[in-house]
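# Structural description and commentary
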Amino acid sequence: MEKEVYKLWDIVLKNIEERINNSRTFDLWIKPVKLVDINENIMKVEIPNSSFEKNFLPYIEILKEEVQKTFGFNPDFEIVYSIDLPSEIKEDFFEIPLNPEYTFENFIVGPSNRLAHAASVAVAQSPGVAYNPLFLYGGVGLGKTHLMQAIGHFVKEKSNAKIAYIPSEYFVNEFVTSIKNKTTHIFRNKFRNLDYLLIDDIHFIAGKEGTQEEFFHTFNFLYDKRKQIILSSDKPPKEIKFLEKRLVSRFEWGLIVDLQIPDFETRVAIIKKKSELRKLNLSDEFIFYIAEKIKENIRLIEGVLNGIIANINLLNRELNKNLIDEIIEGVYSSEKKEKKYINIKQILNVVCEYFGLVPEEIKSKKRIKNVILPRQIAMYLGRELTNTSLNSIASEFGGKDHTTVLHACKKVKELMEKDKSLRDTIEKIKERINEH
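Residues numbered from 1 in each chain as written. Predicted model: local features only at pLDDT ≥ 70, side-chain atom pairs only at ≥ 80, totals over all residues. Heavy atoms only, no water.

## What to know about the overall build of the chain
- A count of helices and strands for the chain gives 20 helices and eight strands.
- Against the compact-globule benchmark of 22 Å for 436 residues, the chain has a radius of gyration of 24 Å, which places it among compact chains.
- Expressed as lengths along the three principal axes of its C-alpha atoms, the size of the chain is roughly 75 × 55 × 40 Å.
- Here the chain, with 436 residues, has 49% of them falling under the buried criterion.
- Long-range contacts, defined here as pairs at least 24 residues apart, represent 74% of the contacts in the chain between residues at least 6 apart.
- The distance from the centre of the 65 positive side-chain charges to the centre of the 64 negative ones in the chain is 6 Å. (Helix = DSSP H or I, 4+ residues; strand = E, 2+ residues; numbered from the N terminus. Rg over C-alpha atoms; globule rule 2.2 N^0.38 Å. Buried < 20%, exposed > 50% of the residue type's maximum accessible area, 1.4 Å probe, protein only. Contact = heavy atoms within 4.5 Å. Lys, Arg positive; Asp, Glu negative; His and termini not counted. Charge placed at Lys NZ, Arg CZ, Asp CG, Glu CD.)

And the structure:
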């Protein structure tokens, strides 16, 4: 593109900075956006990653307005991530941006994540010694990505170690590209010369035989060289479908840590810290209100706080509970577009409706056949369709122990492998759950 185009883009960014009137917000969520290409009214812009996108989107309308003023047309944006750009235009394969807020200093430690935090600090300080691999798992927005990026920040500041933090899709895509271009030797050298390999959402490689084969050998090479491996997933290794047993075995060599939903006090501390980072002065009343409203996906707190800032600074709206409710509803609606929210109560009601039972029967201690199987199916679907912890699922079923849930999940999986009619039944129940 011509230099004049980039000058106009700089004007757009400058105008947005003046409108926002918050230098930290601008530096975090607007300044990193780069113009890549213009084709008619489509502007291709580059942002660091998917985590960044959720914080950037609240400002997209402002960006459109300023582009229209400066460029003279109403744009449609095509968003690409830095990690998705062709390899030949990347200066450094492993220079994947880390969120500046995701440091150990900014991580709020509570009962639900204390072990995960301690283990992450340990591997950052002593790679390949304490816990190798370190496997973090848990629901969306509970801190897995924050801890992994915190390790990245710590290592970069304290040493010259070679470190790669990547989503697993990136590993898959690079491997496929290397096969296509006959450059697998280059691909292997990149990964096997690392001191730290951090892969987010490792479950994405499940079912991809060639990628699993390659990762198996990469894992062995790094492990034998005492290089640190850190992985994250939404489930523990044994529960990841279509993951090869030999990988499950290796993932269990080190430490597996579950991040659970934080309690109210921890959520309050998280909101206070994130507000402080955004220079947003919230009263305890509003902080407690947000903490009560958002319980399971802590990542949504960031979206709510960004929404508050945007409404106050850009629209001059007064902060009150009605505004907070409006913003929370908008954030949840956006989240549901990606994945419909399902909770244990919904699952329990649909399973009961299907089998002609009432929730009290499933929650009871009855051991009769027509109750046991529906109860196990409900527990299995609770684990399968939600990010709820084992202990929380157990409590929803009359205060049973988490081992009961584990047994139920294992039993249903075994029955499904042998019984096609049961598989069909569970699929029908899933459809009904999604319709509710």
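## Here we look at the sheet that holds strand β7 (residues 228-233)
- Ordered by their spatial adjacency, five strands build an open sheet running β5-β6-β7-β4-β8, and the pairing between neighbours is parallel. Strand pairing shows two members of the sheet lacking a second neighbour, β5 (163-167) and β8 (255-259), which therefore form its edges. Strand-to-strand twist across the sheet, computed as the mean angle between neighbouring axes with direction ignored, equals 15°. (Pairing = 2+ DSSP bridges. Axes fitted to C-alpha atoms, helices over the stretch in contact; angles between N-to-C directions.)

## Description of the pairing of strand β1 (residues 34-39)
- Alignment of β1 against strand β2 (residues 42-47), held across five bridges, turns out to be antiparallel. Considered in β2, the bridge of Asn 39 is made with Ile 42.
- Turn length for the β1-β2 hairpin, with the two strands adjacent in sequence and antiparallel, is two residues, and the turn residue Glu 40 shows positive phi of about 60°.

## Quick word on the side chain of Asn 132
- Here Asn 132 shows up in the loop between α5 (114-125) and β4 (134-138).
- Side-chain polar atoms of Asn 132 contact the backbone oxygen of Lys 227, separated by 2.8 Å.
- Looking at Asn 132, its side chain comes within polar contact range of the side chain of Gln 228, at 3.2 Å. (Polar contact = N/O pair within 3.5 Å; in protein donor to acceptor, adjacent residues only side chain to side chain.)

## Some points on the sheet that holds strand β3 (residues 76-81)
- With respect to topology, three strands assemble into an open sheet ordered β1-β2-β3, the strand pairing being mixed. Each of the sheet's edge strands pairs with one partner strand only, and the pair in question is β1 and β3. Ignoring which end each strand starts from, the neighbouring axes of this sheet average 25° apart.
- Against the sheet, helix α1 (residues 3-20) contacts β1 and β2, and its axis sits at roughly 125° relative to β1.

## Looking at the layout of surface pockets
- Its boundaries defined by the atoms lining it, the second largest pocket holds a volume of some 880 Å³.
- The wall of the second largest pocket is formed by 26 residues, among which Lys 238, Glu 239, Ile 240, Lys 410 and Lys 413 lie closest to the centre.
- When contributions to the lining of the second largest pocket are tallied by element, the ones reaching two or more residues are α10 (245-251), α17 (369-385) and α19 (402-418).
- In terms of residues, the lining of the second largest pocket owes the most to one element, α19, which gives nine residues.
- Of the residues belonging to the lining of the second largest pocket, the class tally is 13 nonpolar, two polar and eleven charged. (1 Å grid on protein atoms, 1.4 Å probe; cavity = no way out; pocket = protein on both sides within 12 Å on 5 of 7 lines; lining within 4 Å. Points joined across faces, edges and corners; volume = space filled by probe spheres on them. Nonpolar A, V, L, I, M, F, W, Y, C, P; charged D, E, K, R; others polar.)

## A short note on the pairing of β2
- Sheet topology note: the β2/β3 ladder contains six bridges and is parallel. The residue of β3 that forms the bridge with Val 45 is Ile 79.

## Quick look at helix α6 (residues 144-158)
- With 15 residues, α6 ought to run about 21 Å at 1.5 Å a step, and its terminal C-alpha atoms sit 21 Å apart, in line with that.
- Counted residue by residue, α6 has eleven buried out of 15 residues, so it is predominantly covered. (Expected span 1.5 Å × (residues − 1).)

## With respect to the packing of aromatic side chains
- Inspection of every chain in the model, using the stated rule, returns 16 aromatic pairs.
- Measuring from centroid to centroid gives 6.0 Å for Phe 219 and Tyr 223, while their planes differ by 10°, and the two rings are stacked. Pair noted here: Phe 219 and Tyr 223 are both in helix α9 (residues 209-224), with a separation of four residues, about one helical turn.
- A relative accessible area of 1% places Phe 219 in the buried class.
- Classification of Tyr 223 as partly exposed rests on a relative accessible area of 29%.
- Plain terms: the ring middles of Tyr 223 and Trp 253 are 4.9 Å apart, the flat faces sit at 50° to each other, and that makes the pair tilted. Here Tyr 223 is found in helix α9, whereas its partner Trp 253 is found in the loop between α10 and β8, with 30 residues between them in sequence.
- Owing to a relative accessible area of 41%, Trp 253 belongs among the partly exposed residues under this scheme.
- Feature note: the residues Phe 135, Phe 171, Phe 175, Phe 187, Phe 191, Phe 215, Phe 219, Tyr 223, Phe 251 and Trp 253 constitute an aromatic cluster, connected by ring pairs.
- Taking the ring centre of Phe 204 as reference, the NZ or CZ of Lys 208 above it sits at 4.1 Å. (Phe/Tyr/Trp six-rings, centres within 6.5 Å; stacked < 30°, edge-to-face > 60°. Lys NZ or Arg CZ within 6 Å of the ring centre and 35° of its normal.)

## Some thoughts on the packing of helix α7 (residues 168-180) against helix α8 (residues 184-192)
- For the pair α7 and α8, interaxial distance at closest approach is 8 Å and the crossing angle is 150°. Between α7, through Phe 171, Glu 174, Phe 175, Ser 178 and Ile 179, and α8, the contact on the second element is made entirely by Thr 184, Phe 187 and Phe 191.
- A per-class count over the contact of α7 with α8 returns five nonpolar, two polar and one charged.

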